[in-house]
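# Architecture and fold: a report
Chain by chain, the residues run as shown.
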Amino acid sequence: MSQKTSSIPSLKTLEKDCSSVNLDSDSQILLVTSPIPEATLATAILSRALVRLNRRFQLTFVQPVMALDAFNELRTRHDSSTIITIGVDFLGSKKVKKGKRSLILIGGISESEQLSALTLGTDATLTPVTYLLSKSLIDVGSYDLQLAVAGVLIHDGPNGPKKGASRDIINLAEKEGLVEERKGFRLFGVGMLPLDEALLHSTHPYLHTISGNQKACDELLIAAEIPVQKLRLPLNNLNTSEAQRLASHLITRLNPEVISLLLGKDHLLKLERESSPMRYISGVEIIANTAWARNELGTSMSVWLGDRGLALRVLIDTHMNHHKDVISSVQRLDAGLIGESTSSATALKIPGSKTEVLPDVGRIALSNRLVDSDKTLVLDNTESYTIIWPFSSLNTKQVLRDLLKKAILPITSSSQSVTIHHSPEMKEAVLQMISNTGKVGD
């Protein structure tokens, strides 16, 4: 096994690596997973295989980057378990403590050469690797391949390049008739929510002047001449001409950047019911991100494992409540809040808003230019600071690695932000680091 960072290997190459893995046959297994959506989907694939093998295993979620000292403590506590990490970076070059059982790393970056030698694939191949590893242990089914292709499409994005194992997994899924490309509206609930609710509660993307505004939604639908009998039906019930009229009226009301997020390429997962939010890759990604923001990762894992009853209902309800709160906070921000601005950051006080909604509020404020979209944004709800950055060159793992080197341990609940307890000194240190890293990255 070796870590590959310069290019994405083929599925065939990864299959050779996975077939060489020796999974202790009599030990309990500890799955240590990052909360990023692709990692949780990958963990679900492996968990399903372990269930079918009747293997005892535990699952724990950790921050996307972990100090090696903290990992050594974890390994000491679980000395009798085989540990498999998924999508976790490790900071520190010292050797990992020897254990009684095997250690397997899937994806992630390690400063330690010892850990790099134990790593299968990269973050770009999390779900292909876990699919292949599961396949080497026991027969896998179409649903597992569906989870794998969902992880690939979420990681690469709808318009991103599909190379190596990512392209191979998509080809496999297409060959089995599991996935189908489509173009149209990329809104949560396009096959589930009534049309007006899909628009009213949209935060991915946020439709400025429409999201959270019932009157504006009604006026839009009237202007687009949507038949009354279709207003309470899902958006995908519109015929081609109705959908085109609605798109045309939205284009005149929204910024081009938002339109590019609202309309475009998506993928259908054919095993899912038409009314399920899991039917669309965009829907899977949105509810995965909500689960991350709300720390409902256990619930989302139950859904990934196959629960389409209570767990999915809870996750949908959580999502809807979360984004109603997000829209309310965005509207307050848009109406004008007390704040201050420096050359590199905008700071706004937003008391009363829940900490878990602030990453989405910040993302929306930056993408809709409600604040200076070139500056890092700090949202202060008196309990904590949530810092959201605009630099496309930055990702959460890069920020966490740099902060951990300074012994700063923030919480991540999105791919574009960190949250710290109400410590002005720590806030300033984080802002300085993000500003410097962003300038270098850009």
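Just so we're clear, the structure is a prediction, and the values are computed from it rather than from any experiment.

## Comments concerning the environment of Leu 263
Position of Leu 263 among the secondary structure elements: in strand S9 (residues 263-269). Between the C-alpha atom of Leu 263 and that of Arg 332, which follows or precedes it by 69 residues, the distance is 27 Å. Setting aside residues no more than four positions away along its own chain, Leu 263 makes contact with Gly 184, Phe 185, Ala 247 and Ile 251.

## A closer look at the packing of aromatic side chains
By the definition in use, this model includes one aromatic pair. Judged by centre distance (4.7 Å) and plane angle (55°), the rings of Phe 71 and Phe 90 are tilted. Of this pair, Phe 71 sits in helix H3 (residues 68-77) while Phe 90 sits in strand S5 (residues 89-91); the two residues are 19 residues apart in sequence, bridging distant segments of the chain.

## Description of the side chain of Ser 417
Along the polypeptide, Ser 417 turns up in strand S15 (residues 417-421). Among the polar contacts made by the side chain of Ser 417, one reaches the side chain of Ser 414 at a distance of 2.7 Å.

## So, unusual backbone geometry
Cis geometry marks the peptide bond from His 204 to Pro 205; its omega dihedral reads 0°. If you trace the backbone, Pro 205 turns up in the loop between helix H8 (195-200) and helix H9 (214-223). With a phi angle near 75°, Thr 382 is a residue other than glycine that sits in the positive phi range. Turning to its location among the elements, Thr 382 is positioned in the loop between strand S12 (376-380) and strand S13 (384-388). The exposure class of Thr 382 is exposed, given its relative accessible area of 55%.

## Here's the deal with the sheet that holds strand S6 (residues 103-106)
Spatially, S2-S1-S4-S6-S7 is the arrangement adopted by the five strands of the open sheet, whose pairing is parallel. Single-partner strands in this sheet number two, and they are strand S2 (57-61) and strand S7 (119-120). As paired strands, strand S1 (residues 28-33) and S2 are joined by five bridges and run parallel to one another. Counterpart to Val 32 in the pairing with S2 is Thr 60.

## A few points about the pattern of salt bridges
By the definition in use, this model includes 20 salt bridges. Asp 26 is the partner of Arg 101 in a salt bridge, and the nearest nitrogen-oxygen pair spans 3.0 Å. Of this pair, Arg 101 sits in the loop between S5 and S6 while Asp 26 is found in the loop between helix H1 (11-19) and S1, placing the two residues 75 residues apart along the sequence. Salt bridges sharing common partners tie together Asp 89, Asp 123, Lys 397 and Arg 401.

## Quick look at the environment of Ser 344
With respect to the secondary-structure elements, Ser 344 resides in the loop between strand S10 (339-341) and strand S11 (345-349). Put simply, Ser 344 and Lys 354 are ten residues apart on the chain and 25 Å apart in space, counted from C-alpha to C-alpha. Ignoring any residue separated from it by four or fewer positions in sequence, one finds Ser 344 in contact with Lys 375, Thr 376 and Ser 435.

## Concerning the sheet that holds S12
Taken together, the six strands give an open sheet; going across it, the order is S10-S11-S12-S13-S15-S14, and neighbouring strands pair in mixed fashion. Strands with a single pairing partner mark the edges of an open sheet, and in this sheet they are S10 and strand S14 (411-414). Sheet twist, expressed as the average angle between the axes of neighbouring strands with direction ignored, equals 20°. Examined bridge by bridge, S14 and S15 share two bridges and lie antiparallel to one another. Within the sheet, the bridge partner assigned to Ile 411 lies in S15 and is Thr 419. Seen against the sheet, helix H15 (residues 358-367) touches S12, S13, S14 and S15 and runs at an angle of roughly 40° to S13.

Cut-offs and rules
- Residues numbered from 1 in each chain as written.
- Predicted model: local features only at pLDDT ≥ 70, side-chain atom pairs only at ≥ 80, totals over all residues.
- Heavy atoms only, no water.
- Helix = DSSP H or I, 4+ residues; strand = E, 2+ residues; numbered from the N terminus.
- Contact = heavy atoms within 4.5 Å.
- Phe/Tyr/Trp six-rings, centres within 6.5 Å; stacked < 30°, edge-to-face > 60°.
- Polar contact = N/O pair within 3.5 Å; in protein donor to acceptor, adjacent residues only side chain to side chain.
- Buried < 20%, exposed > 50% of the residue type's maximum accessible area, 1.4 Å probe, protein only.
- Pairing = 2+ DSSP bridges.
- Salt bridge = Lys/Arg side-chain N within 4 Å of Asp/Glu carboxyl O.
- Axes fitted to C-alpha atoms, helices over the stretch in contact; angles between N-to-C directions.

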